[in-house]
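Inside the fold
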Amino acid sequence: MGNTEKMVCIILVNYNGYKDTLECVQSILKSSYTNYKIIIVDNASNDVQLLKDDAYLNSYCEIVYSPANDGFSEGNNIGIKAAEKYDPKYVLLLNNDTVVLPDFLSELVSAAESEENVAITTSFINYFYDKEKSWYCGGNYKRALGYTTMLSSEHVDNKPFPVSFSTGCLMLISYNFIKKYGYLSNEYFLYSEDTEYCMRAIVEGGYKMLCVPKVLIYHKVNASTGTGSKMQQYYLVRNYLIVAKKYGTFFPLAYLFRWALSLYEVIRYHYDFSVICRAFRDYKNGVTGKVDYFE
C-alpha cells in the first residue's frame, strides 16, 4: 500500500503482563501494514523494570509510564494523548494479551475506509489457548435490558457487517471521532468502558460500527484480572448499571434483569453474593471509578 497507508497508532496497556506484551508486539511487527506506531502504556506494573530494560521493545515502541494504575480507560487515554503528535488517522486499542495475524491491520483499515461515517471497526477474536473456539464474533447492545448479545460466526458471510458492541480488546477508532467525542470514560475503571464508548458513537454521534470477519486475532482471556474474580464480578455488575442508566431505553427493566442475572451467577457460578450486593449498593450511592476493596 506504500504511502497510501493511513497512520495508525496502536495502543497496548500493560499491567504486570510483560511477557504477553512482548509476544503481542512481536506479532504486530509481522504485519503487512507498515504505517503504524506502537505505544505501550505501563499502568504502574510491579515488573516495570522489565520494560525499561528491554532494548527490543524500546527500539520498536514508544513506552509511556503511568505513575498509578488508574484503569483500562485511563491507560488507553494516556496512549491516545501520546499518539496526538503522530497525527494519526486511526487509533487502535489492542489488549496486550493478544496475538494478531499479518493482515489484521490492513483489513481493519480497509473496512473503515469502505464506508462513510464509520467510527469503529473490530474483528473476530478466538481464544489463544483454544484457537478453534470463538470468544467474539460481533455483538449488539440491547438498550432495553442493558445487555450485550454475542453473535454466532455461522450467521455471517465474509463481508464487514454492522454491530452495536465492540469489545475494547480490539477497536480501530477514527481519530476524528475521538477529537469530536472525547476519550474513554474514567467512570468505570474496568469493564463496560467499551460498551459506553460504542453507545457514544452510535447514539450520540450517529456513527457506524463494523465487524470484519476476515480478521481473526487470539486473546488470552482475563490474563490480568482472572475469570470470576471478586474484582471482575464487582465491576461487571456496577458498571453494567451505570451504562444502562445512561443509554438504556427502560432502566427499571434493565435493573431487574441485572439483579436476576446476578442471582443466577451466584447460584450457577458461585459468585460472591456480598460482592454483588456491594456493586448494587455502590451504584445507588453514585460510586464510580476505582474502588479499593480488591487491592
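So, here is what we can say about the structure in this document. (Residues numbered from 1 in each chain as written. Predicted model: local features only at pLDDT ≥ 70, side-chain atom pairs only at ≥ 80, totals over all residues. Heavy atoms only, no water.)

Regarding the overall build of the protein chain
- Along the backbone of the protein chain there are 10 helices and 12 strands.
- Taking 2.2 N^0.38 as the reference for a compact globule, 295 residues should give roughly 19 Å; the C-alpha atoms of the protein chain span a radius of gyration of 19 Å, in line with that estimate.
- Along the first, second and third principal axes, the C-alpha atoms of the protein chain reach 55 × 45 × 40 Å.
- Put simply, of all contacts in the protein chain between residues at least 6 apart along the chain, 76% involve residues at least 24 apart.
- Just so you have it, the protein chain exposes about 13200 Å², and 51% of that area is on carbon and sulfur atoms.
- Each charge sign in the protein chain was given a centre, from 29 positive and 32 negative side chains, and these centres are 5 Å apart. (Helix = DSSP H or I, 4+ residues; strand = E, 2+ residues; numbered from the N terminus. Rg over C-alpha atoms; globule rule 2.2 N^0.38 Å. Contact = heavy atoms within 4.5 Å. Areas by Shrake-Rupley, 256 points an atom, 1.4 Å probe, with all protein chains shown as cover. Lys, Arg positive; Asp, Glu negative; His and termini not counted. Charge placed at Lys NZ, Arg CZ, Asp CG, Glu CD.)

Description of a nonpolar patch on the surface
- Residues Trp259, Leu263 and Phe273 make up a contiguous nonpolar surface patch of roughly 250 Å² in combined accessible area.
- Among the structural elements, Leu263 can be located in helix H9 (residues 251–269). (Patch = residues over 30% accessible without salt bridge, like charges linked within 9 Å, V, L, I, M, F, W, Y side chains within 5 Å. Salt bridge = Lys/Arg side-chain N within 4 Å of Asp/Glu carboxyl O.)

Some remarks on the environment of Ser152
- Here Ser152 shows up in the loop between strand E9 (147–150) and strand E10 (161–162).
- On the basis of relative accessible area, Ser152 is assigned to the partly exposed category, the value being 28%.
- Spatially, the C-alpha atoms of Ser152 and Trp135 are 9.9 Å apart, while their sequence positions differ by 17 residues. (Buried < 20%, exposed > 50% of the residue type's maximum accessible area, 1.4 Å probe, protein only.)

What about the pattern of salt bridges?
- Going through the model one piece at a time under the given rule, you end up with nine salt bridges.
- Here Lys246 makes a salt bridge to Glu196, at a shortest N to O gap of 3.2 Å. On the criterion of sequence distance, the pair formed by Lys246 in helix H8 (residues 230–247) and Glu196 in helix H7 (residues 193–204) is long-range, its members being 50 residues apart.
- According to the relative accessible area criterion, Glu196 is buried, its value standing at 1%.
- Across the salt bridge formed by Lys230 and Asp272, the nearest N and O atoms sit 3.5 Å from each other. Highlighted residues: Lys230 in helix H8 and Asp272 in the loop between H9 and helix H10 (273–284), separated in sequence by 42 residues.
- Looking at Asp272, the relative accessible area reads 21%, which means it is partly exposed.
- One network of salt bridges, with partners in common, ties together Asp20, Glu23 and Lys220.

Focus on the nonpolar core
- Residues Val8, Leu92, Leu94 and Leu105 are the most contacted members of the largest nonpolar core, which totals 65 residues.
- With six residues, the top contributor of residues to this core is helix H5 (residues 104–114).
- If near-sequence neighbours (up to four positions away) are discounted, Leu94 is found in contact with Ile10, Ile11, Leu12, Val13, Cys24, Ile28, Val100, Cys169, Leu170 and Ile217.
- Ranked by size, the runner-up nonpolar core spans 26 residues in total, among them Met199, Ile242, Val243 and Ala279. (Core = buried A, V, L, I, M, F, W, Y, C linked by side-chain atoms within 4.5 Å.)

Re the state of the cysteines
- This structure, assessed with the given rule, holds zero disulfides.
- Distance from the sulfur of Cys24, which forms no disulfide, to the nearest cysteine sulfur (Cys169) is 9.0 Å.
- For Cys24, a relative accessible area of 0% corresponds to the buried category. (Disulfide = S-S within 2.5 Å.)

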